[in-house]
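Residue-level listing of the chains:
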Protein chains: 2
Amino acid sequence: MLSKPQIRAVTSLQQKKFRREHGLFIVEGAKSVTEFLRSDYRVQTIYHTAQAAAKLPKIPQNIKSVEIDEQALQRISALKTPQGVLALVAIPDHLPLTGDMLRKNFHLVLDDIQDPGNLGTIIRTADWFGLTRVICSMGSVDAYNPKTVQATMGSLARMEVHYTDIAKLVAHSPVPVFGAVLDGNPIYDTDFGVRGLVVLGNEGNGIGPAVLPHITHRVTIPRVGHAESLNVAISAALFCAELAREKGGA
Amino acid sequence: MLSKPQIRAVTSLQQKKFRREHGLFIVEGAKSVTEFLRSDYRVQTIYHTAQAAAKLPKIPQNIKSVEIDEQALQRISALKTPQGVLALVAIPDHLPLTGDMLRKNFHLVLDDIQDPGNLGTIIRTADWFGLTRVICSMGSVDAYNPKTVQATMGSLARMEVHYTDIAKLVAHSPVPVFGAVLDGNPIYDTDFGVRGLVVLGNEGNGIGPAVLPHITHRVTIPRVGHAESLNVAISAALFCAELAREKGGA
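Residues numbered from 1 in each chain as written. Chains lettered and ligands numbered in written order. Predicted model: local features only at pLDDT ≥ 70, side-chain atom pairs only at ≥ 80, totals over all residues.

Chemist: Which parts of the structure should I look at to understand the overall build of chain A?
Modeler: Within chain A one finds 9 helices and 10 strands. Over its C-alpha atoms chain A spans a radius of gyration of 20 Å, differing by no more than 12% from the 18 Å that the globule rule assigns to 250 residues. Dimensions along the principal axes, computed over C-alpha positions, put chain A at roughly 60 × 35 × 35 Å. Taken over 250 residues, chain A has a buried fraction of 44%. Of all intrachain contacts in chain A linking residues separated by at least 6 positions in sequence, the fraction that spans at least 24 positions is 76%. (Helix = DSSP H or I, 4+ residues; strand = E, 2+ residues; numbered from the N terminus. Rg over C-alpha atoms; globule rule 2.2 N^0.38 Å. Buried ≥ 20, exposed ≤ 12 C-beta atoms within 10 Å, placed from the backbone. Contact = placed C-beta atoms within 7 Å.)

Chemist: Just checking my understanding: could you explain unusual backbone geometry for this structure?
Modeler: Peptide bonds are trans in most cases, and residues, glycine excluded, mostly fall at negative phi. Positioned with a positive phi, Met153(A) is a non-glycine residue whose angle comes to about 50°. With respect to the element layout, Met153(A) can be found in the loop between helix H7 (146-152) and strand S7 (160-164). Taking the C-beta count within 10 Å as the criterion, Met153(A) has 22 such neighbours and is therefore assigned buried. You will see that Asp112(B), though not glycine, has its phi angle at about 60°, which is positive.

Chemist: What is the right way to look at the domain arrangement of chain A in this model?
Modeler: All names here are of chain A. Domain assignment breaks chain A into domain 1 (4-90) and domain 2 (99-247). Secondary structure elements with two or more residues in the side of domain 1 that touches domain 2: helix H2 (16-22), strand S1 (24-28) and helix H3 (30-37). The class makeup of the residues in the side of domain 1 that touches domain 2 is 6 nonpolar, 3 polar and 5 charged. (Domains from an automatic or database assignment. Nonpolar A, V, L, I, M, F, W, Y, C, P; charged D, E, K, R; others polar.)

Chemist: Before we go on, may I ask you to explain the packing of helix H9 (residues 232-247) of chain A against helix H9 (residues 232-247) of chain B in this structure?
Modeler: Helices that pack against each other are described as a pair by the angle of their axes relative to one another and the distance between those axes. It is the contact of H9(A) with H9(B), at a shortest axis distance of 9 Å, that shows an interaxial angle of 55°. It follows that H9(A) is oblique to H9(B) by the angle criterion. Between H9(A) and H9(B) lies a crossing of right-handed hand. Contact residues: Ala233(A), Ile234(A), Ala237(A), Leu238(A) and Ala241(A) in H9(A); Ala233(B), Ile234(B), Ala237(B), Leu238(B) and Ala241(B) in H9(B). Its residues placed into classes, the contact of H9(A) with H9(B) shows 10 nonpolar, no polar and no charged. (Axes fitted to C-alpha atoms, helices over the stretch in contact; angles between N-to-C directions. Parallel < 35°, antiparallel > 145°, perpendicular 65-115°, else oblique. Left-handed = near helix turned anticlockwise from the far one by under 90°.)

Chemist: I keep staring at the interface of chain B and chain A and nothing clicks. Help me out?
Modeler: Many authors give the size of an interface as the accessible area that is lost as the parts come together. Residue-level contacts link 29 residues of chain B with 29 residues of chain A. Broken down by secondary-structure element, the contributors of at least two residues to the side of chain B that touches chain A are helix H6 (116-128) and H9 of chain B. It is H9(B) that contributes the most residues to the side of chain B that touches chain A, 7 residues altogether. The class makeup of the residues in the side of chain B that touches chain A is 15 nonpolar, 8 polar and 6 charged.

Chemist: Before we go on, may I ask you to explain the relation of the copies chain B and chain A in this structure?
Modeler: Two chain copies, one operation linking them: a rotation about an axis together with a shift along it. You can overlay chain B on chain A at an RMSD of 0.0 Å; the transform is a turn of 180° with a shift of 0.0 Å along its axis. Taken together, the rotation and translation describe the operation of a two-fold axis. An overlap of 100% is found between the interface residues of chain B and their copies at the interface of chain A, pointing to a shared contact surface. (Least-squares fit on C-alpha atoms with pLDDT ≥ 70 in both.)

Chemist: For this particular structure, what's the right way to read H9(A)?
Modeler: Turn by turn, an α-helix covers 3.6 residues, leaving residues three or four places apart pointing in a common direction. For H9(A), which comprises 16 residues, the first-to-last C-alpha distance of 23 Å matches the rise-based estimate of 22 Å (1.5 Å per residue) to within 8%. Across the 16 residues that make up H9(A), a large majority, 13, are buried. (Expected span 1.5 Å × (residues − 1).)

Chemist: How do you make sense of the sheet that holds S7(A) when you look at a structure like this?
Modeler: Sheet strands pair by backbone hydrogen bonding; their relative direction is either parallel or antiparallel. Residues and elements named next belong to chain A. If you trace the 6 strands from one edge of the open sheet to the other, you get S7-S6-S5-S9-S8-S10, paired in parallel fashion. For this open sheet the edge positions go to S7 and strand S10 (217-220), each flanked by a neighbour on one side alone. Taken pair by pair, the neighbouring strands of this sheet meet at an average axis angle of 35°, ignoring direction. Helix H6 (residues 116-128) rests against strand S5 (106-110), strand S6 (133-137) and S7 of the sheet, and its axis sits at about 150° to S6. (Pairing = 2+ DSSP bridges.)

Chemist: Is there a simple way to think about the pairing of strand S4 (residues 85-90) of chain A in this case?
Modeler: In regular strands, side chains alternate between the two faces of the sheet. Residue and element names in this part refer to chain A. The element S4 is extensively covered by neighbouring structure, given that 5 of its 6 residues are classed as buried. Relative to S4, S1 is paired through 5 bridges, and the arrangement is antiparallel. Paired with Val 27 across the bridge in S4 is Ala 87. The sheet contact formed by strand S2 (residues 43-48) and S4 spans 5 bridges and is antiparallel. Paired with Ile 46 across the two strands is Ala 87, which belongs to S4.

Chemist: Quick question: what am I supposed to make of the sheet that holds strand S4 (residues 85-90) of chain B here?
Modeler: Residues and elements named next belong to chain B. Here we have 4 strands laid out as an open sheet, ordered S1-S4-S2-S3, and mixed in their pairing. Looking along the sheet, the strands with just one partner apiece sit at the ends: strand S1 (24-28) and strand S3 (64-67). If you compare each strand with its neighbour and ignore which way they point, the axes differ by 15° on average.

Next comes the structure, spelled out in structure tokens:
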């Protein structure tokens, strides 16, 4: 069984403040936990039910593994329907972004994105399309929020998420800075080349005034119908697909 | 002020059972409510704060308009942050789908989609790309769920959402039936033509066994990276964009 302080220690990680204090975040579900075990992330503790143990790979000696019952798992889980496994994973220290890193591929840059589900879906989609880094403004939602982690469906294990002053980043970018706006050039006519930053704005306000002047290529997903805008994760996906398509020469 | 029974009558509409019983659903926010006022949907009642009244167009005489205070609005709202306006709108009776309707455009067909946010985002995206109907299996989440309505960002006012036996629909389809699968032909090489059904599967299980045999064109969004799958709203968007692109001759 878990003591009350132990339960509190885990559930406190649902709040950003305590995640930063302890340097840990929560990953749930055998599939996602397995992806983190196979990644460069450092898994610290795994809580699992007897039943769910069979769905996990062999757990290395240096990782604390604790068998608990369904009730205890329910208490520490951030999910409505807990999935039998919950791991505490160390928040990584990524190497600072350099010009060399940025020159190697495309990178998504998110300007104050607020919805954890949107960020998670963007990370998952970026992983599908072969990107390896997502760069967030300091005002963006936390990538280690349980809802974000869940929405990445394990892709966070393969992605670096950076938090930085993106106005400074785009102002000194060594690569083209594409921006998703409502009145730019059609995405289908845009020559993306093989590297660049792709900036996506906040859900309500789009790309902010500190970043907008540094967009070198204003790009729009042409509208055929009537919706006023697209969801930001949808826009991100349409850009990712276009980048992959151009690189693939399709 | 609103009486307790009045408050209960509105909040009960957060549940599908009572939505069907009363034939009403909830729309919140001045922008969305305005879109419904301008649509063919029948708005029955509008609750609004004094402050929010200015954001609404002139309300026709036949629509009940009730000014309430912030506290009362908080009590009837399904949102964490109520937006000053809440309308009760009649669930429409759409004309049954006919072959002629299906021959006029592309239609998304959703096989047991479960997440209300996903369905809402799909409706919003379909509206952006000029589709006018989304067809859901009977086991799909309700389009009039407040979370779905919210995620459509007003696009539901312009879209018909049908619920029908989709296995029967695809079995007798007068147009090609495209299906999003993981092992089909690349979407970029697929000739969609100018009409057809595009089937998207359940979040966890994809397209079900009753529908799969009737897919005439198995289509895949090529994966470059490592994620195991794409979110269903993302897949839907990539298909919608491709259809719009082909029709536009881009």
